[in-house]
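Inside the fold
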Amino acid sequence: KTQFYSAKGLKREEFDAKVTSCLKEHKVDLILAIGYMRILSDSFVKTWWGKTLNVHPSLLPDFAGGMDLQVHQAVVDAKKEFSGCTVHYITEEVDG
């Protein structure tokens, strides 16, 4: 079952609380943030500590903040010898 919540008009804490409620209702035990592009509230991070992973399309810190094809093109343009992705637990520090 797919759920959608709009963040429009909501503060970050309010939106994250709605998402948390839905995730708990469905007994979610692992969250993958792939292309999510939203900064999570401290309360969300604390609630889901150790259960939330971010997948970034580069080897951080290289090309932090980029997304999708933009990152891959930047890697090619920079003539990097190696490329990959970074998977890390989400903390209060963005891409930390």
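Our subject is the structure that appears above.
Here goes a summary of the coordinates provided. Quantities reported herein were computed from a predicted structural model and do not represent experimental measurements.

What about the overall build of the chain?
In terms of helices and strands, the chain carries 3 helices and 3 strands. With respect to the principal axes defined by its C-alpha atoms, the chain has extents near 45 × 30 × 25 Å. Going through the 96 residues of the chain one by one, you find that 26% of them count as buried. Expressed as a percentage of contacts within the chain between residues at least 6 apart in sequence, the contacts between residues at least 24 apart total 56%. Between the mean site of the 12 positive side-chain charges and the mean site of the 13 negative ones, the chain shows a separation of 8 Å.

Quick word on the layout of surface pockets
Each pocket or cavity is described by its volume, and for the second largest pocket that value is around 350 Å³. Considering the residues around the second largest pocket, the lining is formed by 18 residues, among which V19, L23, I31, Y36 and F44 are closest to the centre. Of all the elements in the fold, those that place two or more residues in the lining of the second largest pocket are α1 (12-25) and β1 (31-34). A class-by-class count of the residues in the lining of the second largest pocket yields 15 nonpolar, 3 polar and no charged.

Description of the packing of aromatic side chains
With the rule as written, the count across this model stands at 1 aromatic pair. Taken together, a centroid distance of 6.3 Å and an interplanar angle of 40° make the contact between F44 and W48 tilted. Judged on exposure class, the residue F44 and its partner W48 are both buried.

Overview of the nonpolar core
Membership of the largest hydrophobic core is limited to 11 residues, which are A7, F15, V19, L23, I31, A33, L40, F44, V45, W48 and I90. Counting residues per element, this core draws most heavily on α1, which supplies 3 residues.

So, the sheet that holds β1
Strand order across the open sheet formed by 3 strands is β1-β2-β3, with mixed pairing between neighbours. Lying at the two open borders of the sheet, with one neighbouring strand each, are β1 and β3 (86-89). On average, each strand axis in the sheet is inclined to that of its neighbour by 25°, with strand direction left out of account. The pairing of strand β2 (residues 52-56) with β3 spans 4 bridges and is antiparallel. Its bridge partner being in β3, V55 is matched across the sheet by V87.

What counts and what doesn't
Residues numbered from 1 in each chain as written. Predicted model: local features only at pLDDT ≥ 70, side-chain atom pairs only at ≥ 80, totals over all residues. Heavy atoms only, no water. Helix = DSSP H or I, 4+ residues; strand = E, 2+ residues; numbered from the N terminus. Buried < 20%, exposed > 50% of the residue type's maximum accessible area, 1.4 Å probe, protein only. Contact = heavy atoms within 4.5 Å. Lys, Arg positive; Asp, Glu negative; His and termini not counted. Charge placed at Lys NZ, Arg CZ, Asp CG, Glu CD. 1 Å grid on protein atoms, 1.4 Å probe; cavity = no way out; pocket = protein on both sides within 12 Å on 5 of 7 lines; lining within 4 Å. Points joined across faces, edges and corners; volume = space filled by probe spheres on them. Nonpolar A, V, L, I, M, F, W, Y, C, P; charged D, E, K, R; others polar. Phe/Tyr/Trp six-rings, centres within 6.5 Å; stacked < 30°, edge-to-face > 60°. Core = buried A, V, L, I, M, F, W, Y, C linked by side-chain atoms within 4.5 Å. Pairing = 2+ DSSP bridges. Axes fitted to C-alpha atoms, helices over the stretch in contact; angles between N-to-C directions.

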